[in-house]
Amino acid sequence: MLSNKQTVLCIEEMAKMFPAAHCELVHKNTFELLVAVVLSAQCTDVLVNRVTASLFEKYHRPEDYLAVSLDELMDDIRSIGLYRNKAKNIQGLSQKLLTEFNGEVPQTHAELESLPGVGRKTANVVLSVGFGVPAIAVDTHVERISKRLGICRWKDSVVEVEETLKRKLPEELWSDAHHYMIFFGRYHCKARNPECPTCPLLYLCREGKKQAKVRGFDG
């Protein structure tokens, strides 16, 4: 397991590799961000942005999503995986925003997670990106990177990965670390064919060292 200091060093190296790392979901306000993150479950940001380019032209407020039939909304997001459930959740969260939060996106974990389709990861993204609250959203990239590097254990749950990262990183680094790790996982330490031979973190990476022996490069 990497120490706190080694974990910070990893994030600093990722920051050098991807200094412009950011949330790639295109949005103009926190409500659009919320909808985009709900749509992004098990789906790429590229596809979500393709769909929301027209979706956000048609729908601007929670009221707009409730002014159409569920079938119409489903048709508008049909190219996205799980579009039926996501359409139901978007209408459900829109209704709850209007009835319980005066049409505004709430700013606490508990309130966000009370919305249909919003889990811990989505709430963390909205808090971090939308409201500037220090948070680490553990998606597939963050989980994979944390386990490959040895920041946490292979058997750790998503919540345990999040808690370990929060414990090993200073709070002021949480939100940026989330973006650095996503870019590192999306563009360098990919699920398939990670770029271990050219990785500046190879000397620290437990999985990379194993791959070095298997694939015959210097670890």
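From a predicted model like this one, the values you see are computed outputs, not experimental measurements.

About the thresholds
Residues numbered from 1 in each chain as written. Predicted model: local features only at pLDDT ≥ 70, side-chain atom pairs only at ≥ 80, totals over all residues. Heavy atoms only, no water. Helix = DSSP H or I, 4+ residues; strand = E, 2+ residues; numbered from the N terminus. Rg over C-alpha atoms; globule rule 2.2 N^0.38 Å. Contact = heavy atoms within 4.5 Å. Phe/Tyr/Trp six-rings, centres within 6.5 Å; stacked < 30°, edge-to-face > 60°. Buried < 20%, exposed > 50% of the residue type's maximum accessible area, 1.4 Å probe, protein only. Polar contact = N/O pair within 3.5 Å; in protein donor to acceptor, adjacent residues only side chain to side chain. Core = buried A, V, L, I, M, F, W, Y, C linked by side-chain atoms within 4.5 Å. Salt bridge = Lys/Arg side-chain N within 4 Å of Asp/Glu carboxyl O.

*Asks:* An account of the overall build of the protein chain is needed here, citing residue identities and associated values.
*Replies:* Helix and strand counts for the protein chain come out as 12 helices and zero strands. Along the protein chain, from the amino end to the carboxyl end, the secondary structure elements read α-α-α-α-α-α-α-α-α-α-α-α. Relative to the 2.2 N^0.38 estimate, which gives 17 Å for 219 residues, the radius of gyration of the protein chain is 19 Å and therefore close to what a compact globule would have. Seen through its principal axes, the protein chain has C-alpha atoms that stretch 60 × 30 × 30 Å. A fraction of 58% describes how many contacts in the protein chain between residues 6 or more apart in sequence connect residues 24 or more apart.

*Asks:* Let's hear about the packing of aromatic side chains: which residues, and what values?
*Replies:* In this structure the tally under the stated criterion is five aromatic pairs. Plain terms: the ring middles of Tyr59 and Tyr65 are 4.4 Å apart, the flat faces sit at 10° to each other, and that makes the pair stacked. We classify Tyr65 as buried; its relative accessible area is 0%. The interplanar angle of 70° and the centroid separation of 5.3 Å between the aromatic rings of Phe183 and Tyr187 together place this pair among those described as edge-to-face. Here the residue Phe183 and the residue Tyr187 both occupy positions in helix H11 (residues 174-187), the gap between them amounting to four residues, near one helical turn. Since its relative accessible area comes to 8%, Phe183 is described here as buried. Counting every residue linked through ring pairs, the aromatic cluster contains Phe18, Phe183 and Tyr187.

*Asks:* Residue-level account of unusual backbone geometry, with values.
*Replies:* Peptide bonds are, in most cases, trans, and in most cases residues other than glycine have a negative phi. Despite not being glycine, Gln42 has its phi angle at roughly 55°, a positive value. The class of Gln42 is exposed, set by a relative accessible area of 77%.

*Asks:* Explain the environment of Arg78 to me, and be specific about the residues and the numbers.
*Replies:* As for its placement among the helices and strands, Arg78 is situated in the loop between helix H5 (70-76) and helix H6 (83-100). In this structure the C-alpha to C-alpha distance between Arg78 and Val51, which are 27 residues apart in sequence, comes to 9.0 Å. Within polar-contact distance, the side chain of Arg78 engages the side chain of Tyr83 at 2.7 Å.

*Asks:* Tell me about the nonpolar core, and please be specific about residues and values.
*Replies:* Residues Leu34, Leu55 and Tyr65 are the most contacted members of the largest nonpolar core, which totals 38 residues. Counting residues per element, the ones that place at least two in this core are helix H2 (30-39), helix H3 (45-58), H5, H6 and helix H8 (120-131). When residues in this core are grouped by element, the largest group, eight residues, is from H2. Not counting chain neighbours up to four residues away, the residues in contact with Leu34 comprise Leu93, Leu97, Val105, Leu115, Val118, Thr122 and Val126.

*Asks:* Talk me through the pattern of salt bridges; I want residue IDs and the actual numbers.
*Replies:* Enumeration according to the criterion identifies 16 salt bridges in this entry. Between Asp64 and Arg61 there is a salt bridge; the shortest N-O distance is 3.8 Å. By relative accessible area, which is 46% here, Arg61 ends up partly exposed. A network of salt bridges, in which partner residues are shared, links Arg120, Glu162, Glu163 and Lys166.

*Asks:* Which residues make up the side chain of Ser175, and what are the values?
*Replies:* Its place among the elements puts Ser175 in helix H11. Among the polar contacts listed, one links the side chain of Ser175 to the backbone nitrogen of Ala135, at a separation of 3.3 Å. The contacts of Ser175, once residues within four sequence positions are left out, are Ser128, Val133, Pro134 and Ala135.

*Asks:* Lay out helix H9 (residues 140-149) in plain terms, naming residues and giving numbers.
*Replies:* With eight of 10 residues buried, H9 is to be regarded as a mostly interior element. Among the residues making up H9, those that are buried are His141, Val142, Arg144, Ile145, Ser146, Lys147, Arg148 and Leu149. The N-cap residue of H9 is Asp139: its side-chain oxygen and the backbone nitrogen of His141 are 3.1 Å apart. One or two positions beyond H9, positive phi appears at Gly150, with a value near 90°.

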